[in-house]
Amino acid sequence: MSAAEELNRPARADLRFAVIGAGMSGLLAAIKLEEAGFRQVEIFEREGDLGGTWRDNTYPGLSCDVPSHVYRYRFAPNPHWTRRFSSGGEIWQYLDKVARDYGVRDRIRFNSEIVRAEWDGAAWQLTTKGGETEIFDIVITATGVLRDPVMPDIPGLEDFERPVFHSARWDHSHDWRGKRMGLIGTGSTAIQITAAVAKEVGKLSLFQRTAQWVVPVENPEISEREQEALAKDPKRMEELYFFLADRFQNTFARAVVGDAEELAKVEKACEENLATVKDPELRAKLTPNYQAACKRLIMSDTFYEEVQRDTVEVVTEGIERIERNGVRTKDGRLHEIDLLVCATGFEAHKFMRPMQIVGRDGHTLDEEWAEANRAYRSIGIPGFPNFFTIVGPNSPIGNFSLIMISEMQFAYIMRLVDRIASGEAREIEPSREATDRFNGAIADAMTGTVWVSGCSSWYLDRNGNPAMWPWDFERFEEEMAEPDFNDFRIVS
Ligand code: N01
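Cut-off values and rules
- Residues numbered from 1 in each chain as written.
- Predicted model: local features only at pLDDT ≥ 70, side-chain atom pairs only at ≥ 80, totals over all residues.
- Heavy atoms only, no water.
- Pairing = 2+ DSSP bridges.
- Helix = DSSP H or I, 4+ residues; strand = E, 2+ residues; numbered from the N terminus.
- Axes fitted to C-alpha atoms, helices over the stretch in contact; angles between N-to-C directions.
- Contact = heavy atoms within 4.5 Å.
- Buried < 20%, exposed > 50% of the residue type's maximum accessible area, 1.4 Å probe, protein only.
- Arc of directions from axis to C-beta.

Asker: Any chance you could break down the sheet that holds strand β9 (residues 180-184) for me, citing the residues and the numbers?
Answerer: One open sheet accounts for 5 strands, arranged β8-β17-β9-β10-β13; its pairing is parallel. Strand pairing shows two members of the sheet lacking a second neighbour, β8 (164-166) and β13 (312-315), which therefore form its edges. On average, each strand axis in the sheet is tilted by 20 degrees relative to the strand beside it, whichever way the strands run. Where β9 lies against strand β17 (residues 339-342), 4 bridges are found, and the strand directions are parallel. When the sheet's bridge partners are listed, Ile 184 is paired in β17 with Cys 342. Its contacts with the sheet place helix α5 (residues 188-197) against β9, β10 (203-207) and β17, and it is angled at close to 160 degrees to β9.

Have a look at this one:
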């Protein structure tokens, strides 16, 4: 360690950190903790590789619907994105490169699922699936949101004798080209798959339970010349970052939290896009009966074009059951298929569970969240000292670049960690009163959002409340700028 680093070392650089998860936000935490001078940082990853959602999802057509030049770490600009919205593979490569460049990859403990975390009155005892235990002063969970796939609860699924898999576990050993594919679901994933496979599939039966609004967003290539120009001009990349962030924050992100004018623009764009479907019968099938952006809005400028191909049939009749060789719909028809893909979403409200988490006085997270997942500003939970969460409940997951959100949340967490590192606090956790106040304000503000305008979506928790951020970006920036230490229970 250099003399300067030595001087900047926090008083308690020997603090032991556990970072749980090596996806986008876990990598961020590991890199930033190291940068802050902490040397005892263990990164636990359940799977055999890093990258979280960008590792798990490899389906045809996968891309991110946040522009790449803002879907990156602030500290690691990438001039080489090849499209405005890059492919999933490219994003995974970016994360992998950042992890290597910052020396984190080699330190990740892969295939190390943490099954239990227990506060023993002074520290956290973590237990891996293999039964090993280790002690840490601070735990940071970065376990993601759309992590555990949900297979549809349709009778007969186990009887299907041909390849069947979830979209987030795509089995590339089966070539779908020229085959009859069944695709259940019409969320962002299924729409991207449809747009990608329609041209080459033998036949695609798209089983749609609910129609979706689709806003057309172009995805042009970024030429090599442009990439080189960006590489030579970091300032331009920085300007691009802020330009894109600003556009996102002031259009779509405002539309969903009560800006009627912006929402009207989104609705108009969706309606005009839908009007490009020529066949009135197909158009009627694809017409949603709820307000645009109530469900997560889908961005695609190719879906309507591709779904009109002769190779695609949109099946709106409900599914009765799955049989040996196909899907039987309620009208008695058997849709024979060679390969079935379930793009049926994720368990979006589990957060760090099924990990068992036992906080102060034996109080468990399952007890704490028995009625609803309530955190303080998404990052902490009363009764769970020195335990912090990136992208916890009510994070702005659908409205902005999630990387930017993680960075802001992590910077906030670091302000709390500083208190512990400086020796001012031994334990820090949000107070119950502050957490209740925060969740009360969230509940009040939710009534003005589009998510409660009458549709079902993965945004809604088991009580029907959106687990989202109901305010604009400025409010998020304000809340993340500086912890109000009056809102915390601090033991010194
Ligand atoms: O999952 P979903 P997803 N029988 O939960 C249907 C992000 N993402 O993987 O609407 C029949 O949205 C279900 O029907 P219904 C993005 O945030 C981003 O597509 O409930 N159908 C629905 O159509 C996104 O929102 C990107 O009636 C069943 C679908 O399955 C989130 O991930 C790309 C069913 C599930 O849709 C999740 O998207 C991909 C059943 N039993 C994903 N069960 C981009 O960046 C469920 N469905 C572009």
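Asker: Give a description of the environment of Ser 205 that names residues and reports values.
Answerer: Here Ser 205 is to be found in strand β10. Take Ser 205: its relative accessible area is 2%, and that puts it in the buried class. Apart from the residues lying within four places of it in its own chain, the contact partners of Ser 205 are Met 181, Gly 182, Leu 183, Glu 313, Val 315 and Ile 337.

Asker: Let's hear about helix α15 (residues 473-481): which residues, and what values?
Answerer: Think of an α-helix as turning once every 3.6 residues; residues three or four places apart then point the same way. Buried residues of α15: Phe 473, Phe 476, Glu 479 and Met 480, and no others. Across the axial projection of α15, the buried residues extend over an arc of 125 degrees, all falling on one side.

Asker: Describe in detail unusual backbone geometry, supporting the description with residues and values.
Answerer: For the bond from Arg 353 to Pro 354, the omega torsion is 20 degrees, close enough to zero to count as cis. Within the secondary structure, Pro 354 sits in the loop between β17 and β18 (356-358). Positive phi outside glycine occurs at Phe 351, with the angle close to 50 degrees. With relative accessibility at 6%, the residue Phe 351 sits in the buried group. With phi around 70 degrees, Ser 378 is a residue other than glycine that occupies positive phi space. In this fold, Ser 378 is placed in the loop between α12 (365-368) and β19 (387-389). Judged by its relative accessible area of 1%, Ser 378 is buried.

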